[in-house]
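# Descriptive analysis of the structure
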Amino acid sequence: MTMRTTVAAGIATAALGDEVTLCGWVANRRDHGGIVFLDLRDASGLAQIVADPSLSGCEMVHDVRAEYVLQVTGVVSPRPEGTVNPDLPTGAVEVVAQTVVVLNRSEPLPFPLDETHHGVDESLRLKYRYLDLRKPRMNRNLRVRAETVRAIRQAFDAQGFVEVETPTLTLSTPEGARDYLVPSRTQPGSFYALPQSPQLFKQLLMVGGLDRYYQIAHCWRDEDLRADRQPEFTQLDMEASFVDDVDIRDMVTIAIQRVVGTVTGRDIGEIPSMTWAEAMARFGSDKPDTRFGCELNDVSTVFATSEFRAFAGNAVVAMCVPGAGDASRSRLDAWTDRSKALGAAGLVWMRVTETGVESPVAKFCTDVEIAALIETLGAAPGDLLLMVADARALTCQTVLGQLRLEVGAERGLRPTGLGDQLNFLWVTDFPLFEPESQGDPVPAHHPFTMPHPDDVEFLSTDPLRVRSLAYDLVLNGIELGSGSVRIHRPDLQAEIFSVLGIDEERAEERFGFLLQAFRYGAPPHAGFAFGVDRLVMILCDEQSLREVIAFPKTQSGADPLTGAPGPVDASQLVDLGLRISVPKSPGS
RNA sequence: GGUCCUGUGGUGCAGCCUGGAGUGCACGCCGCCCUGUCAAGGCGGAGGUCGCGAGUUCAAAUCUCGUCAGGACCGCCA
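Residues numbered from 1 in each chain as written. Chains lettered and ligands numbered in written order. Predicted model: local features only at pLDDT ≥ 70, side-chain atom pairs only at ≥ 80, totals over all residues. Heavy atoms only, no water.

### Remarks on the overall build of chain A
As a reminder, the rule being used: A helix here means a DSSP run of H or I that spans at least four residues, while a strand means a run of E at least two residues long, and both kinds are numbered starting from the N terminus. For every residue, the accessible area obtained with a 1.4 Å probe (protein chains only) is divided by the maximum for its type, and the residue is called buried under 20%, exposed over 50%, and partly exposed between those limits. Between two residues, a contact is recorded if the distance between any of their heavy atoms is within 4.5 Å. Each accessible area value is a Shrake-Rupley result obtained with a 1.4 Å probe; residue values ignore everything except the protein chains displayed when judging cover. His is not counted, nor are the chain ends, whereas Lys and Arg count as positive and Asp and Glu as negative. To locate a charge, the coordinates of NZ of Lys, CZ of Arg, CG of Asp or CD of Glu are taken.
Scanning chain A for helices and strands turns up 13 helices and 22 strands. The principal-axis extents of the C-alpha atoms in chain A amount to approximately 95 × 75 × 55 Å. A total of 588 residues make up chain A; the buried ones form 47% of that total. Partitioning the intrachain contacts of chain A with sequence separation of at least 6 by distance along the chain shows that 66% fall at a separation of at least 24. Per element, the accessible surface of chain A, about 28600 Å² overall, is 52% carbon and sulfur. Looking at chain A, you have 54 positive and 81 negative side-chain charges, and the mean spots of the two groups are 4 Å apart.

What follows is the structure in structure tokens.
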């Protein structure tokens with residue numbers, strides 16, 4: 001290196017008296033007139049420069065401003081007694097400047113980079129993302145991301161996987177999310193679609209004998225954005241042949257262990273498993289946050305013959321919130337409204353007291369029922385019981401499951417710092433189908449998912465009862481990814497299509513190339529994919545995906561930096577055989 | 001498609017409910033002073049289409065409607 005001999009963090013370990021040359025940005029200056037302190041920032045950290053403006057070579061330090069780019073040569077020196085800064089890794093030393101060269105100047109910034117200033121308007125940060133990225137926090141997040149991807153590659157490489165790239169210009173399939181479309185110039189009127197995932201290609205790679213495939217794959221879904229959803233995102237995509245679901249989960253677990261070990265130094269050990277049915281029964285969610293209690297309990301039998309008409313004959317699910325008996329009536333009313341919004345008929349609450357319960361519906365319940373309820377939930381005086389009754393147990397579970405998260409957060413039971421505790425969890429045995437609005441079965445995962453071998457007999461008689469060999473990976477109540485054993489036999493695939501109401505002609509039209517491939521000896525195979533952005537977000541303890549993506553999009557899918565999406569030249573449309581029918585809105 | 005929150009010098013806020021002169025706070029910026037700071041300090045100064053457009057009113061940052069932008073959420077995301 002010729003421009004610098006060390007980086008800012010390097011002065012902490014440099015020998016005292018060494019002459020060093022540093023390059024970096026002025027993070028802060030403290031100009032005392034006869035002496036000037038500069039905090040020089042580079043990718044490694046901060047170094048304090050002390051300059052005497054009366055020295056030749058340092059005259060210009062009075063003119064230095066924030067974010068000027070400097071090259072500083074000086075001597076690493078111990079800080080005088082009493083001026084050591086214990087908050088800084090380099091705080092015991094400083095560089096006494098001999099020469100300060102301004103490599104580039106900077107206009108005053110549109111917003112402060114100071115980490116103590118929070119809440120700068122996000123569209124402003126994104127418009128000047130290259131400045132925003134100078135913040136140590138953003139720099140760190142992108143480094144964590146790189147470490148994560150590297151650890152993933154190392155883990156799969158070590159297990160004999162082959163990294164293969166699949167096309168990003170591919171065929172649109174009407175299932176699933178809305179596709180991003182790319183018009184074809186050579187075939188006007190036809191379109192490519194950007195892949196929502198490499199699903200079909202990775203199965204073809206198994207037919208192609210690759211045996212073990214993985215990819216850090218970019219994927220696109222044209223759906224509305226959320227804090228944890230960007231229109232383009234990255235997933236670890238993998239598939240293996242001659243393996244079962246347990247093998248796949250073991251392979252992914254090894255990668256997750258390696259990532260967490262690399263990034264946090266922690267050993268997460270084995271990842272526990274739970275069936276979907278157990279997750280729904282205990283947590284009312286297929287992605288349970290297992291970091292706190294308040295588990296659900298089915299108390300239908302307690303109230304089977306109850307005088308309370310809302311309970312009798314219905315499924316009744318209850319949850320005990322420890323210490324929440326002091327919740328105000330207005331909070332209880334708000335939770336009741338919330339339950340109704342979530343699809344419940346109502347919410348029954350009971351405050352547990354020394355002598356029994358206090359509740360608007362207590363008069364409809366017998367002492368025996370109350371005693372059994374308290375016994376089942378293990379409730380103590382001061383606790384709050386919340387109950388939902390419905391003809392369908394699943395409705396009770398999902399409503400109470402969502403309420404569990406919200407009440408848990410409000411009562412301080414659910415951890416807010418996502419990074420403190422990493423509760424990974426495998427959720428297995430998902431249903432193969434879920435009922436669509438008209439009640440017809442639609443794939444819960446995707447139509448190539450293998451039914452659970454114990455349930456195949458119900459495919460024709462009671463399809464909604466059939467479990468699948470599909471599994472999700474959950475972290476702290478957030479779905480990281482999902483996978484499944486795939487169907488490799490054409491006859492079973494045809495039966496699934498038949499349940500889904502997809503006739504042979506239609507199946508051939510949509511997935512013909514895959515079905516044909518499977519006629520030439522497709523190996524049994526299974527796979528998985530998880531969201532790299534989401535994993536990194538949690539490891540960085542961030543609340544939004546945008547904090548771990550270098551150049552993310554706003555909620556309306558725009559990029560304030562480049563202005564994308566934007567109009568194109570009329571001649572480009574002519575080349576593509578396209579004509580715009582939507583009038584341009586007046587805009588801003 | 002829907003619900004809610006936000007929009008005020010370069011930045012972050014207060015002001016809005018209860019209309020009365022662009023009023024205030026902190027940071028930043030510019031100038032001067034200053035040899036041990038690390039959110040340096042002192043003194044002085046500049047900087048405004050209150051997102052945009054209508055309406056109500058003698059009078060609108062403030063009330064009403066519309067619209068644009070950003071954010072959270074519902075729908076959506078096999």
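### Remarks on the pairing of strand β21 (residues 478–485)
Operational definition: For two strands to be treated as a pair, DSSP must find at least two bridges joining them.
Across the 8 residues of β21, 6 count as buried, placing the element largely inside the fold. Examined bridge by bridge, strand β20 (residues 470–475) and β21 share 6 bridges and lie antiparallel to one another. Of the residues in β21, the one forming a bridge with Val474 is Glu479. Hairpin connection between β20 and β21: a loop of 2 residues separates the two successive antiparallel strands, and Asn476 in this loop has a positive phi of roughly 50°. Alignment of β21 against strand β22 (residues 525–531), held across 5 bridges, turns out to be antiparallel. Each bridged residue has a counterpart across the sheet, and for Gly483 the counterpart in β22 is Phe528.

### Quick look at the confidence of the model for chain A
Interpretation of this model should avoid reading the predicted coordinates in detail wherever pLDDT is low. This is how the line gets drawn: Every residue gets a pLDDT, meaning the predictor's confidence in that residue, from 0 to 100.
Per-residue pLDDT for chain A averages 92, and the proportion of residues at 70 or more is 97%. Across the assembled chains, the prediction reports ipTM 0.94 with pTM 0.93.

### Brief notes about the protein's contact with RNA strand B
Put simply, the rule reads: One heavy atom within 4 Å of a molecule or strand is enough for the residue carrying it to be called near that molecule or strand. Each polar contact in these results corresponds to two N or O atoms within 3.5 Å; when the atoms are within protein, one needs to be able to donate a hydrogen and the other to accept it, and residues that are neighboring in sequence are counted only if both atoms are side-chain atoms. Each residue gets one of three labels, nonpolar for Ala, Val, Leu, Ile, Met, Phe, Trp, Tyr, Cys and Pro, charged for Asp, Glu, Lys and Arg, and polar for the others, Gly among them.
What surrounds RNA strand B is a group of 44 residues, the closest being Asn28, Arg30, Thr83, Glu94 and His445. Sugar and phosphate atoms form 51% of the subset of RNA strand B atoms that lie within 4 Å of the protein. Thr83 places a main-chain nitrogen or oxygen 2.3 Å from a base nitrogen of RNA strand B. Residue Gln555 places a main-chain N or O atom 2.6 Å away from a phosphate oxygen belonging to RNA strand B. Breaking the surface near RNA strand B down by element, the ones donating at least two residues are β1 (19–31) and α1 (122–127). Here the surface near RNA strand B takes 4 residues from β1, the largest share from any one element. Residue composition of the surface near RNA strand B, grouped by class: 12 nonpolar, 17 polar and 15 charged.

### Some points on the sheet that holds strand β16 (residues 384–390)
Spatial strand order, β12-β13-β16-β14-β15: 5 strands in an open sheet with antiparallel pairing. What marks the edges here is a single partner per strand, and that holds for β12 (296–298) and β15 (357–358). Note that strand β13 (residues 315–321) and β16 share 7 bridges and pair antiparallel. The residue bridging Met319 from the neighbouring strand is Leu386, located in β16.

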